[in-house]
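# Survey of secondary and tertiary structure
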Amino acid sequence: MSSAFHKKSALSRWYDSVAAFKVEDLFVRKRVPGPRRIVFVNEDLPDDYKDRKGRVKKDHVYCTNQVITSKYTIITFLPRNLLEQFRRVANIFFLAIAILQFFHIFGTISPGLVILPLLIVLGITALKDGYEDIKRHQSDSRVNNTQVKILSGGGWVNPNEMAPKTKTFVGRVVPKAATRRIAKVTRQGNNQDKKERVISPTVEYDDPLRRSQSLAQPPPIPTDTDVEDQDEQPEHHRGIHLFHRHDDDERAHWKKTSWEDIRVGDFIKINDNQPFPADILICATSEEENVAFVETKNLDGETNLKSRHAVSCLTHLRSAAACADPNNSFSVECDRPDVNMYKMNAAVKMGSGEVFPVDMGMVLLRGTVLRNTGWVIGVVLYTGEDTRIVMNSGGTPSKRSKVERQMNPQVFINLMLLALMAIACAIVDSVLEHRDYPKGAPWLYGANRSDDNPNINGLITFAFALITFQNIVPISLYISIEFVRTCQAAFIYFDSEMYYAKNKQPTLARSWNLSDDLGQVEYIFSDKTGTLTQNAMVFRKCTIGGKMYNGREGEDDDGSTEEVKPIVPLDKSSTISNGERKAAPTGGDIPLVDVRPSTGGSSTTQTPSGPHPNPSATATPNPMGATATKARAHFRDEELSRDLQDAIHAHEGAAASHARSLNGFFSVLALCHTVLTTVDPATGAIEYKAQSPDEAALVQAAADMGFVFRGRDREILLLQTPFGVGENEAEGEHLERYELMNILEFTSSRKRMSVILRKLDTEDGRLFLLSKGADNVIFERLRKGIPEQEELKRVTEKNLDEFAGQGLRTLTLAYKVIGEEEYQAWSERYHEATIAMDDREDKIEAVSDEIEQDLRLLGATAIEDKLQDGVPETIADLKRAGIKIWVATGDKLETAIAIGHSTNLISPDSNIIVIRGGSGETSRPVYQQMVGAVEEFFPDSGLLEDGTFAEEPPSRPTSPGAPNWQGGGQLRRIDTGISSIVGSNNGEKPGGFVLVIDGAALSSALGDDRHKHLLLQLAILCEGVICCRVSPLQKALVVNLVKDGLGSMTLAIGDGANDVSMIQAADVGVGISGEEGLQAVNSSDYAIGQFRFLKRLLFVHGHWSYARNGNMILNFFYKNIVCIGVLWWFQIYCGWSSNYVFEYTYLLFWNSFWTIAPVIGIGLFDRFVDAHVLMDLPELYRHGREGHWFGMRDFIIYMFDGVVQSAIIFFIILYSYVTTSARTDGYQVGLYEFSTTMAFAAVFAANLFNGMNTTAWTGWVFFAVFIGIVLIWVYTAVYNAITPGWFVTPVFGNNNFLFESAYYWFGLILTTILALTPRYLFKACKFMFRPDDIDTVRYIRKYHPDWDLAHEPQAHGQTPSALAGMARPVSLRSRSVSRRGSTSSHLPRPSMDLRSASRRDMSTGVTSVHRGFDFSTEENGVAMQRMQTNLSEIRQSRTNLPETAARRRHGLGHVFSVRHGFLRKKPSNKKDSE
C-alpha cells in the first residue's frame, strides 16, 4: 500500500498529464469568482466603479443568469468536435494516409475519394454529437425561458451592470413559438399530477383597480420583435425611452420576464410552489413576521422544509411602488461567489447609513422551491454561474466509453505492426535493388533517376507499404461503431419495459457513445430523495399499549394523488363499520372565539400585499368549518377503529386501560408538533403543512382516527376527538382546547421533541408534557419501578425491532402529568436558561432534561419513507450482480440508515460502521476512526501491516482537557448519555459491513492522499457505503475517489440539481425525470422515468451492448488481419515491393460490401441469452463487470487467429495453382486467377467465422453472414465480364478460367474448413469440458425451456448445481444478505435478534441496536425561533399580572382528559396518586 505514496517518475507524470488532458479545458472558460460585490438598489454606481470612458469596470460586471449545460456553440462546434474526434489515434492515422495519397507518386485512386471515408466518419459523428447537443440546448432554453415576475415601471432603473448573454443557435433551430409559449406545465406540490395552467397576465399591479384590469384583459401575445428584443436586454432595464413611455411603465408593477433576463439588483416576486431563479435576499413575505418556508431537497436532499426570514430593515418593501420608490435606497455588501451553501456573510447598508447583518437564513438559493408561503419579494444577489448550485456543478464533460479507450492501445499495436511491416518491405526492397541493379535486372530498368533509384526507393516502398496495408486499422470500424451505437440508443428508446406510462416518459439515451459502458458498471452512486424515495411519508403501523396495529392489509397508497377523507366523529350511535357517519359541526356551531387559519402561531389574518387591501378578495376558508382532511395517504385499520369505538363505552378494567392508551397516543400525535393547517378552497378539506414530512404524516394519521387537529390561534391548540360527544352534551363540545406553554424542540443531539400544554375549558386546567423521540432516549426517561411499564417497554421494543426490520422510520411516544407547582419552579429555571449569556444551549438542555423524566410509555409509530416502485428489488438484484452501491444524500445520518434498511442496502443483520466528523472535545479524529475500524473489524486485511497507516498525520492541536487520541486506534467508550447494547459478537454478524460517513468526516477524509487512500481501502472492504450530510461538490469528489483511485467503472444516478456534479463526474450519468426538475436530466447521459428501470438498462441493454460491441470490434480486427495477412504473404513473392495480390477493387470493397454485414449483425442482433434470463439471473452481469467481452487478451487471440487463417488461405491456394497448372491448355495461371480464389476464400472464412462467433442466429444474422458471399459472387461474375469497350479492367475474361477450375471449388471449401476448424474445436471443447455460466444457461434454455430461473432454488446456489458457480465471491469478512420486497409487499415478519444489525459509532465507541428511529425537521429554524419568542413574550406578559390562585388538578392523574361519557366510575385514590 505504501507504494501509492512513492514519488512517480518523470515519464509517469508526463503520461498522466497527457492521459488527463480534457478537450473541454480548452473551450470551457473556468470563471474565477470575482471580488466582493456591492449590489446597489435605487442608488447610482459610485465613480470608482467606472473607468475613464465611463464604462463599468470588468470586476463589477456580473454574469448573466443564463445557465448553459450544452457543450457547443456555433463558433466552438467545429474545432472542439474535431479535437474530440482526433483523440482517436486511428483518425490521426487516417488523416496522415489521406494526405500522403495526395502526392501523385503515392496516389492509387482519386485523392478526393481517398479522404471521403474519413470525412464521412467525421461528418456522421459530428451530426450525432450536434443532435445530442441540440437536445441540451432545447432543455436549457426551457429552463432559461421560464417566466418570473420582476419589478418594472415607476421610474425603476437597475444600475448594476451585467455581461451580455451567450448567443446559442438553438433559438434559430427550434421554432420560436416554442420559446414564446406562455402557458407552461408546472408541478403542483411534490407529487401532484401535472396540469396545464391557465394563461396568466404578464403584468401584475398591487393596487385593486389596476389589478382587476390586468386580470380582466387577456395577456398580450409577444411578437417576434419582442422576442428578439428580449435576447438583447429586457425593457425594464433600459431605464430611459428616447421616444415614448408605455402606459404600463408609468406605475410600478410586476412584469413577467424570462429567467435568463434577471439581473443582479432586480426586485423579484415569487409565488407559492415556484422555484427561485437566482440567489435572492428576502425583503418581505406574505407571512407574519416575514417568514418564508422553502424546500431545499434539490440542493441538499433533505425532505423537511427550511424557514427563512427577511432582513428587518427591508420588511416595508411589500409592494412594487415601495420597491421602486427612490427614497428606499440601500446597498448590499456581499461575499465573493462561493461554493459553500451553508455560509453567507453580507450586510445591508441603508441610505441613512445604518448597517444590518445578513446570513444564510435570509437568503433564498437557486434550486429551492417556495412552499406554504403566499409570496416573497427579494433582491437578486447572485445570478447564473455565480449562484451556489451552479458553482457546485461542473461543465459538461466530453465522455468516452471504456471500450473506446481500450481500443486506442489496440489501434496503437496495429499501427506498430503496420510500421514494422512497412519497414521490413522498405529494407528488403532496398537490399534487393542494391543487389540486382548492378546486375542489370530488367525490372529495375530506368531506376537511375533522382526520384527512382535504389537509394531512395526504400523510402518510397515504405510509404507504399503504409498505403497497401492501411486496412489493418479500418476506418469503416468507426463508422460501424457509430451506426451500431445509434441503433442501440434507439433500442433503448423503444423498449416498452422501460417506458414510464405515468409521465409518458421513455428511456432516452442522451449520449449515444456510452451504451457499452452500461454493461461494465462496478460502482453505482445514488441520490436518495426523488431517486430512491418519493419524498412521501406514509403512516403504516403503530403499537399502542403493547398492541400492534398493522394498517389495512393490501393498502397501497402510492402517494401520487391526493385523497379527501371525511372527518368522522365517533360516538355511541355511529360506528366505523356500518358507515353511519356524523358530519362535523361547522365553525358557527362552536361557541369559541373566532378561530383563524393556522399561520404558525399567529392570530392575525393574512392581508393582501401593498398598502391597499383588496376588499373583494375571498376570505381564507376557516379550518373549523372543514368537513374533511386531504392527504396523499390515509391510515386505515379496522381493528383500531373497533378498539376506538369500544373505548367510548369502556368502563373500568383492561378495556379502560387500553382506552386511556389510545386516547393518550393519538393526542400526542395530534398535539406534539409544529404543523400548520390550511383549507383547500376547492374541496373545503383541511391540509396539514409541515416543515417535517414525518410530522404531517403523524398528524394526518391522528386525524384519520378521529383526533383532528383543527389549527391554532397563537398559543391555543384546537383538537377534535372522538371521545368528546356524550349523551347529555351540547353539540360542538367535542372540541378540546390546549394552551401551548413550552416547546422543547428537536435536535440531532436530543433526539426527541416535547411540548408542555395546559388543557383549557376544564376545572383543574391540568398540565401535560407530551414527548416523541428515539426509542432509547424515551426508554431512559420512563418512570422506573412499575411492572406494567416494564412489560409494556419489553413488548414495544419487540415491535420496534419488527418495524426496523421492515425499513420503517420509528418514533416512540410518552407523556406525563405535571403538577402546577412543579411546572412553575421549572419554568423559572427554563426562562433563566434561555436568557443565559454563557453556555445557553447546554443550560437549556439540562433544564429540559429535568422535566422530561418519569414519563409514561404510550407506544410507537412506524412511518414508511415511500420508496419508488421496485427500489428494494432493484438494489437487491444489483448487489447480486456484484455491483457496489454507494448512497450520497444530504439527509441526516438516521434518515440515511433508515433508507439503507428499507432499500435492502443494509440487511437486517448487517454491521454498520459510523464515522462522524466534528470539532468537539469528545470528538475522535476521523483518521483514527478509520484506523480503529480497520483494526477492529478487518484485522486480516493487511492494510496496517506495512506501516502506511500506523501513525496519525499531523492534526490540529487539541484543547486542554480534551482526550488524547494520538495514542493509537483502540476505541475508548465515551459516556454520551445514550444507552447502548454492546454485543460480544459485534462485527461478526452475517450481514457484512456497511460504512456510514457524514459530510464533516468526508471533508477531512478527502483532505489529502493519505486520508483518501485509507478511506478508499476501508470502503471497498464493505458491502456498501452511505454518505450523509454531503454537499453536491462532495458527491462529485466521492465519485472521483473511486473512479480515479480504483479505475472502476462508475455510474451516478439522481434527479435534482444537487446531483449534477455527481452525474457529470461519473463515467455514466443517469438522470431521473422526477419531481425536482430537469437539471439532472439535462446533464445526464441517460434519462429514465424511475430507478427500477436502471436494472433493465444495465442487465439487458448494457450487457447486450457491451457484449455486442466488444465482439464486433474483435471480429472487425480479425477480418481485416485475414485480408492484410494474404497481402503480406504475397510480399515474399513480389520482391517486397508492396504490390497488391488482389485486384484493387476487391481490396477496396473488403470493408464496404464483402465483410461489413456480419460484424454489423453482431453489433445489432447478437444475443447470448434472452432478456428475461438476464433479468432473472443478475449474477450473469459479472461477465460484463469483469470485462469478459473485450480486452487485450481477446484482441491478441483474434489477431493470431486472423494471421493463421490468412496463411492457410494464401499458401494452400498458391501452391495448388502453381505446382500444377489449373489450366487445361497447360499455360501458367495468371495472378488474378488464383488471387481471386484467395479473395473468395478470405470472404467465406471471415464471414462464417463471424457467424460462428454469433450466439443467436436470427433471420437478420443469416442475411448478414451470407449477403457478402452473394455480393462477391455477383460482383465477380459481372466485373470479369465487362468488355474493354466499356472500360478497361485487368480481369476481363477471368470468368472463363475461375469458375471452371476444380481448384477454385476445392480450394474454396478446403481452406474455409481448415481456417474455421481451430476455433470450432476450441468452442466445442470449452462448451463440453469448461462451460461458463452463460454456456450453462444457454444449455438449460435449449433443453429445459420450462425452467423458472427466477425462482429455481438451484439457480441461487442453495443446492449443488451447474448454476451454483454464478454466485459472486463475498468481500473480505463481508457477506451479503439481500431482502427482496418492500414494506408494501407484505413481507413475512422476520425473527429478530436483539443484537442483530449492530451499529458502531467510531467517534464515540458506542455500539447500539438500530430500531429504525428517524425524524426529519429543521433544527434551530426561523419558524421555531419565532414560536419560542411568542411563548416567551406571553410568559413575560403574564409575570406582570397579579398572581392568580394556583390551579391544582384533581381526579384522573395519568389519563388525558376525556368526557364524562367515557368512563362511568371515578378511579381509586391510588390511581389518582399515580
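Residues numbered from 1 in each chain as written. Predicted model: local features only at pLDDT ≥ 70, side-chain atom pairs only at ≥ 80, totals over all residues. Heavy atoms only, no water.

### Concerning the packing of aromatic side chains
This is how the line gets drawn: Here a Phe, Tyr or Trp ring, Trp counted by its six-membered ring, pairs with any other such ring whose centre lies within 6.5 Å, and the pair is stacked when the planes are under 30 degrees apart, edge-to-face when over 60, and tilted otherwise. Burial here depends on accessible area, computed with a 1.4 Å probe over protein chains only, as a share of the maximum for the residue type. Under 20% is buried, over 50% is exposed, and the range in between is partly exposed. Put simply, a charge is over a ring when the Lys NZ or the Arg CZ is close to the ring centre, within 6 Å, and near the line of the ring normal, within 35 degrees.
Using the criterion set out here, one finds 53 aromatic pairs in the structure. With a centroid separation of 5.0 Å and an interplanar angle of 85 degrees, the aromatic rings of Tyr72 and Phe77 are classed as edge-to-face. Accessibility expressed as a relative area gives 1% for Tyr72, which makes it buried. Members of the aromatic cluster, each reached through a chain of ring pairs, are Tyr1146, Phe1149, Phe1153, Trp1154, Tyr1275 and Tyr1279. Lys1119 extends its terminal NZ or CZ atom over the ring of Phe1116, reaching a point 4.1 Å from the ring centre.

### Side note on the pattern of salt bridges
Our working rule: The salt bridge definition used is simple: a Lys or Arg side-chain nitrogen within 4 Å of an Asp or Glu carboxyl oxygen. Note on conventions: DSSP H or I runs of at least 4 residues are helices, E runs of at least 2 residues are strands, and numbering of each starts at the N terminus.
Summed over the entire model, instances satisfying the criterion amount to 50 salt bridges. The closest approach of N and O atoms between Lys165 and Asp261, which form a salt bridge, is 3.0 Å. Here Lys165 is found in the loop between β4 (161–162) and α6 (170–173), whereas its partner Asp261 is found in the loop between β8 (253–258) and β9 (267–271), with 96 residues between them in sequence. Summarising the burial analysis for this pair, Lys165 and Asp261 share the class buried. In this structure, a network of salt bridges that share partners links the residues Arg750, Arg752, Glu780, Arg781, Glu845, Asp849 and Glu852.

### A few points about the environment of Arg1185
Here is the rule we go by: Residues are treated as being in contact if the distance between any of their heavy atoms lies within 4.5 Å.
Relative to the helices and strands, Arg1185 resides in helix α36 (residues 1182–1185). Its relative accessible area of 16% is what places Arg1185 among the buried residues. With 137 residues separating them along the chain, Arg1185 and Ser1048 place their C-alpha atoms 9.4 Å apart. Residues within four places of Arg1185 in sequence aside, it is in contact with Gly519, Gln520, Val521, Glu522, Ala881, Gly882 and Ile883.

### Some remarks on the pairing of strand β32 (residues 809–818)
The cut-off we apply is this: The rule for pairing is simple: two strands pair if DSSP sees at least two bridges between them.
Burial within β32 is extensive, with 10 of its 10 residues counted as buried. The two faces of β32 match: Arg809, Leu811, Leu813, Tyr815 and Val817 on one face and Thr810, Thr812, Ala814, Lys816 and Ile818 on the other face are all buried. For strand β31 (residues 767–773) and β32, the ladder comprises 7 bridges, and the chain directions are antiparallel. The partner of Leu770 across the bridge, within β32, is Tyr815. In the sheet, β32 pairs with strand β33 (residues 856–867) via 7 bridges, with the strands oriented antiparallel. By the bridge assignment for β33, Tyr815 is matched with Arg856.

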